[in-house]
Amino acid sequence: MTFPRIRTSPLFARGLIILLMVVTLLPFLSMLSAALAPSGTYPSGLEWPADPQWGNFAKAWQVANMDELLLSSILIVLGTVPAAVLFATMAGFGLAKLTTPRSAWFYLVFVIGLTLPFEAVITPLYFEIREIGLLNTRGAIILPLIGLYMPFSVFWMRAHFMSIPNDLSEASQLDGARRWQEFWMVQVPLARPAIMSLGILLFLWTWNQFLLPVVLVQEPNRRTMAGALGAFQGQWGTDIPLLCAGSLIILAPTVILFLIFQRQFVAALLQGAVKG
Amino acid sequence: MTHLENATAGAPKAPAPRPAATRRARRRRRDAVMFIGPAFLIYAAFVIVPLGMSVYYSLLRWDGIGPISGATFYGLKNYIEVLTDDDLLQIIGNAFQLAAWFTIPPVVLGLAVASAIRSQMAGRFGTATRTILFLPQVIPLVAAGIAWSWMYDRNGVVNQFLSLIGLESWTRGWLGDFTYALPAVGIIGAWVLLGLCTMLLVTGIARIDGSLYEAAKLDGARPRHEFRFVTLPGLKNEIGICVTVTIIQALSSFDIVYVATAGGPGIETTVPGLEIYRLAFAHRQVGLASALAIVLMILVLACVLPIQWALRERKQ
Amino acid sequence: MADLKLRDVRKSYGQTEVIKGVDLDILDGEFVVFVGPSGCGKSTLLRLIAGLEDITSGDIEIGGRLVNDVEPRDRGVAMVFQSYALYPHMTVRENVGFGLRLAKVPKAQREQAVGEAARILQMEPLLDRKPAQLSGGQRQRVAIGRAIVRDPDVFLFDEPLSNLDAALRMDMRAELAGLHQQLDSTMIYVTHDQVEAMTLADKIVVLKDGEVQQIGAPMELYEHPANLFVAGFIGAPKMNLLPGKVTAVDGHEAVLSGADLPRLVLPAPEGDKLAAGDEITLGLRPHDLKRMPDGPLELHTDLLERLGHETVVAGHLPTGARLTAVLDGRSPVALDETIRLGFEPSSARLFDAGGRAI
């Protein structure tokens, strides 16, 4: 801010923020300290171990089959996010630019799903997926997730396309573009920021998805990382150092991506909350 | 109406009243269907149809193992059970207690931070703050649950800290304690949502015109007046958003509870999401689970819609 | 290049009819301006011609082809939007060449056409910039260039100059006129600014509430407005309109009087269109009023605008009616002065009680 502001006790503000940061970081630090205690022991609180057992991470990696988990999560994200983003972008465009006021109810059908808790449909989803024969496959996570993401994603993309002036669409029509060409050559390039943010949000939600894998996929190696963590806890829950090491490994990928793309993530999460 | 004959138009002319460019209208509708169709189909297949099935199951008594044709029609009895059974009522009550924990600490602390700095966080400190405060939003909730179960452990940081400040008598296994388990779970949620709410409110307050505060000062406003008459009204929107997000998260919580307490001790921390899962897949009461699911969905709507309406009204 | 015919074109949104049956012939190569106050339907009419909106009934023909059911891209029209509607993510070159790219014109040929348009509009140095890096006037040129490369039968302009500042607007106006001469193509131009209409048009179409008020060459509209609306809309300052009554008609002369009028004797129009007792409105262009020691109008001045080459004088008649006159720039007039004004009887325009010209 360049213009002068009346600052209310900057010291108090800074102190408060630092306190919040400490509270935020504390659980991570306590996990790290536990993860470095000898495996199989009962560590105590937050203390730097005399002999840090970095090998716990390797052990956790091995017993949890992390490489397979990582691959599985990546496959699920690749199956879910691009398709969801594509469908939502198309539908957002269609609902913003191609429908008449008379078909506004169609948009409402999507919007009513915005607040739907996944638990509200998880039971019938189980039977539906069993019926299709996808139980215990990654498809059991991918297909329902795409569907469940539609309300938010369509809402998000439609809001973006509503902000694009109709003139551009009309100009491209006069330039000879068919709808499909207009979509790919004019609308999608302009929607890139919105698409990026949506992609980030959907990536996070997919990677961290827990309920669907727990219900629909028994085999931990076909789950998401988060879903596998549930199984890992069930198996190694009593070995706190190993559990903490495993948890830290499992939350590392998103944290690393977040640290790299900090600005985009923060923007996406903030906007996501505002629009959701 | 006079139609001038012309060779190029080719198509036979429609008699008056002519259908106004119906071919183009049809083409536009076809475009709309083509663009909206895929999203709608997959949404219908995996949300609308299951939702309909949920409603259907909720009227049945079915174990989920035998064929559904063997299920008995149960009318609204499942719903009556959801709304009268003591355990289920307590579980729904738990969700609302969690909602208070998920909502109040983040919003209050967020407001405190926002009104203390009252500007966008800039520079390296700002970036560091944003990054750290957002970390809980980025990690899986399950990981947050595991991290905090270790924090709350008998040997965990919370008890360590209490001992350190001489409150040894207060130490306990927090998540196993009948009185403190639910608040403890609530604080996990508050921890997750704290950063998001704080950043939303900080962004919001930076958007309030600074001259409003100067004007208030000239009018003789004290800090608490400024907060009451400038900050709060200016942040109504952001507060509404925070509350919406936290309430949805609390009412539909599952991950944290599943890993931190599995609903225990007893059913002290069981939430509807977890109970639906248990009823449907462990207790084989698909009908009751579905009725609870529908009730949960309606509860979320009943909490969120009034907030959204209030926000919308203000915008107009 | 093509001519254009509109036959009883109507457009309704739900129950509201916004274009109420427009008939119009536009000749090949003509520059036609649609003018009218905001909300008169001029932009809608243009969009109907472009095909951006469907007509509710009627026929539109371009170059002898009925296009009611033809997509915009196949109508052979190009449009310059008020907002310019340039694609923000494309360079000027890509913007201008986009239509050709869609038409799968080979690259070399495309480059040549873009270069040619850039040359005509003198914007070669801008070709590799993005729209965000251009000034308003430059964007305007790009928008026109995009229309030119498509080599359309009909150019459509939707208030293209309204986002430019006054000086630039005048330059662009001259350039557009030059462009029309150079390309010799049919152009339809929408504006609310009657000066643009007067200076650019071969033919002006005055619209009000979705109905055509008058079609004609600029001077025709100025000299012989068909009704009170056109009379008031075309020409600045506005035509003075004074209500009166015919007291007598005597062969070639009509005698008028009214609350605001002294007794006036004017040449009666041909064909017994006036009769004693008719309510009329007398229209006098401010520029047609002259100072005359024995002029019939007695103006008490209360507003003076000295523009140098002329002086605009406004004031009221003894009855209180407002009147504006444009006098010679050096005319010695003062505020709060009573002057006598007269006019050539032939410059007076008469309108009947329904507002139609007599």
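From a predicted model like this one, the values you see are computed outputs, not experimental measurements.

The rules behind these values
Residues numbered from 1 in each chain as written. Chains lettered and ligands numbered in written order. Predicted model: local features only at pLDDT ≥ 70, side-chain atom pairs only at ≥ 80, totals over all residues. Heavy atoms only, no water. Helix = DSSP H or I, 4+ residues; strand = E, 2+ residues; numbered from the N terminus. Buried < 20%, exposed > 50% of the residue type's maximum accessible area, 1.4 Å probe, protein only. 1 Å grid on protein atoms, 1.4 Å probe; cavity = no way out; pocket = protein on both sides within 12 Å on 5 of 7 lines; lining within 4 Å. Points joined across faces, edges and corners; volume = space filled by probe spheres on them. Nonpolar A, V, L, I, M, F, W, Y, C, P; charged D, E, K, R; others polar. Pairing = 2+ DSSP bridges. Core = buried A, V, L, I, M, F, W, Y, C linked by side-chain atoms within 4.5 Å. Domains from an automatic or database assignment. Contact = heavy atoms within 4.5 Å. Buried area = accessible area lost by both parts, 1.4 Å probe. Salt bridge = Lys/Arg side-chain N within 4 Å of Asp/Glu carboxyl O. Polar contact = N/O pair within 3.5 Å; in protein donor to acceptor, adjacent residues only side chain to side chain. Axes fitted to C-alpha atoms, helices over the stretch in contact; angles between N-to-C directions. UniProt positions renumbered as here; feature names shortened; annotations may be inferred. Arc of directions from axis to C-beta.

## A few points about unusual backbone geometry
Omega for the peptide link from Ala-236 of chain C to Pro-237 of chain C comes to -5°, which places this bond in the cis form. Mapped onto the elements of the fold, Pro-237 of chain C is located in the loop between helix H8 (228-233) and strand E11 (240-250). For Asn-136 of chain A, which is not a glycine, the phi torsion comes out positive at approximately 70°. Tracing the backbone shows Asn-136 of chain A in the loop between helix H5 (119-132) and helix H6 (139-162). By relative accessible area, Asn-136 of chain A is classed as partly exposed at 26%.

## What to know about empty space enclosed by the protein
Under the counting rule described, the total for this entry stands at two cavities of 30 Å³ or more. Considering only enclosed or pocket space, the largest cavity measures out at about 1200 Å³ in volume. Along the wall of the largest cavity there are 41 residues; nearest its centre are Phe-118 and Trp-205 of chain A together with Ile-248, Gln-249 and Ser-252 of chain B. For the lining of the largest cavity, the elements supplying multiple residues, two or more each, are H6, helix H9 (192-207) and helix H13 (262-275) of chain A together with helix H1 (22-57), helix H4 (123-138), helix H7 (181-207), helix H9 (223-251) and helix H10 (255-260) of chain B. Of the residues assigned to the lining of the largest cavity, the class counts are 28 nonpolar, eleven polar and two charged. Space inside the second largest cavity adds up to approximately 60 Å³. Lining the second largest cavity are Ala-171, Leu-174 and Asp-175 of chain A together with Ala-78, Met-79, Phe-81, Arg-146, Ala-147 and Arg-150 of chain C.

## As for the pairing of strand E10 (residues 211-216) of chain C
Residue and element names in this part refer to chain C. Summarising the sheet, strand E9 (residues 203-208) and E10 pair through five bridges and their orientation is antiparallel. By the bridge assignment, Val-206 is partnered in E10 with Gln-214. Taken together, E9 and the strand that follows it, E10, pair antiparallel across an intervening segment of two residues, in which Asp-209 is found at a positive phi of about 50°.

## Remarks on the nonpolar core
Membership of the largest hydrophobic core comes to 196 residues, with the highest contact counts inside it found for Phe-110, Met-150 and Met-157 of chain A. Each of domain 1 (2-57) and domain 2 (87-315) of chain B accounts for three or more of the residues forming this core.

## Considerations on the interface of chain A and chain B
Size of an interface, as often reported, equals the accessible area lost when the parts are brought together. The interface of chain A with chain B comprises 93 residues on the first partner and 95 residues on the second. Buried area between chain A and chain B, both sides added, is near 8400 Å², and the carbon and sulfur share of it is 77%. Note that Asp-31 of chain B and Arg-179 of chain A form a salt bridge whose closest N and O atoms lie 3.6 Å from each other. In this structure, the connection of chain A to chain B is made through ten residue pairs in polar contact (both at pLDDT 80 or more). No other element matches the 17 residues that helix H1 (residues 10-35) of chain A contributes to the side of chain A that touches chain B. Here the residues of the side of chain A that touches chain B sort into 69 nonpolar, 17 polar and seven charged.

## Notes on the sheet that holds E11 of chain C
Residues and elements named next belong to chain C. Read across the sheet, five strands follow the order E13-E12-E11-E14-E20 without closing on themselves; strand pairing throughout is antiparallel. Both outer strands of the open sheet, strand E13 (264-267) and strand E20 (349-351), are each paired with one neighbouring strand and no more. The mean inter-strand angle of the sheet, taken between neighbouring strand axes irrespective of direction, is 45°. When strand E14 (residues 279-284) meets E20, the two strands line up antiparallel, connected through three bridges. Opposite Gly-283, over in E20, you have Arg-349 as the bridge partner.

## Notes on the environment of Asp-165 of chain C
Residues and elements named next belong to chain C. Considering the arrangement of structural elements, one finds Asp-165 in the loop between strand E7 (154-158) and helix H5 (166-183). Sequence separation of Asp-165 and Gly-76 is 89 residues, and the distance between their C-alpha atoms is 31 Å. A polar atom in the side chain of Asp-165 sits 3.0 Å from the backbone nitrogen of Leu-168.

## Quick word on the pattern of salt bridges
All names here are of chain C. Per the counting criterion, the structure on display carries 26 salt bridges over all chains. Arg-7 is the salt-bridge partner of Asp-25, the closest N and O atoms lying 3.0 Å from each other. Of this pair, Asp-25 sits in strand E2 (residues 16-26) while Arg-7 sits in strand E1 (residues 4-13), and the two are 18 residues apart along the sequence. Taking the relative accessible area as the measure of exposure, Asp-25 reaches 35% and is therefore partly exposed. Residue classification places Arg-7 among the buried residues on the basis of a relative accessible area of 16%.

## Comments concerning the UniProt feature "transmembrane region" (unreviewed entry) in chain A
All names here are of chain A. Per the UniProt record, "transmembrane region" (unreviewed entry) is annotated on residues 12-37, 69-93, 105-127, 139-157, 188-207 and 240-261. Along residues 139-157 the backbone is 100% helical and 0% strand, and the end-to-end C-alpha distance reaches 25 Å. Summarising residues 240-261: 95% helix, 0% strand, and an end-to-end C-alpha distance of 31 Å.

## Observations concerning helix H4 (residues 104-111) of chain A
Residues and elements named next belong to chain A. Every buried residue of H4 is listed here: Phe-106, Tyr-107, Val-109 and Phe-110. Around the axis of H4, the buried residues are gathered within 150° of arc, so they sit on the same side. In H4, those exposed residues whose orientation departs by more than 90 degrees from the buried face are Trp-105 and Leu-108.

## Regarding the domain arrangement of chain B
Residues and elements named next belong to chain B. For chain B, the assigned domains read domain 1 (2-57) and domain 2 (87-315). Each of domain 1 and domain 2 has a C-alpha centre, and these two points are 45 Å apart. Every contact between the two is made by four residues of domain 1 and, on the other side, five residues of domain 2. Taken over both partners, the interface formed by domain 1 and domain 2 buries close to 360 Å², and the fraction arising from carbon and sulfur atoms is 77%. The three residues of domain 1 that bury the most area against domain 2 are Leu-51, Ser-54 and Tyr-57, which together make up 89% of that side's buried surface. Taken together, the links from domain 1 to domain 2 amount to zero salt bridges. One can count zero residue pairs in polar contact (both at pLDDT 80 or more) joining domain 1 with domain 2. In terms of residue class, the side of domain 1 that touches domain 2 is built from three nonpolar, one polar and no charged.

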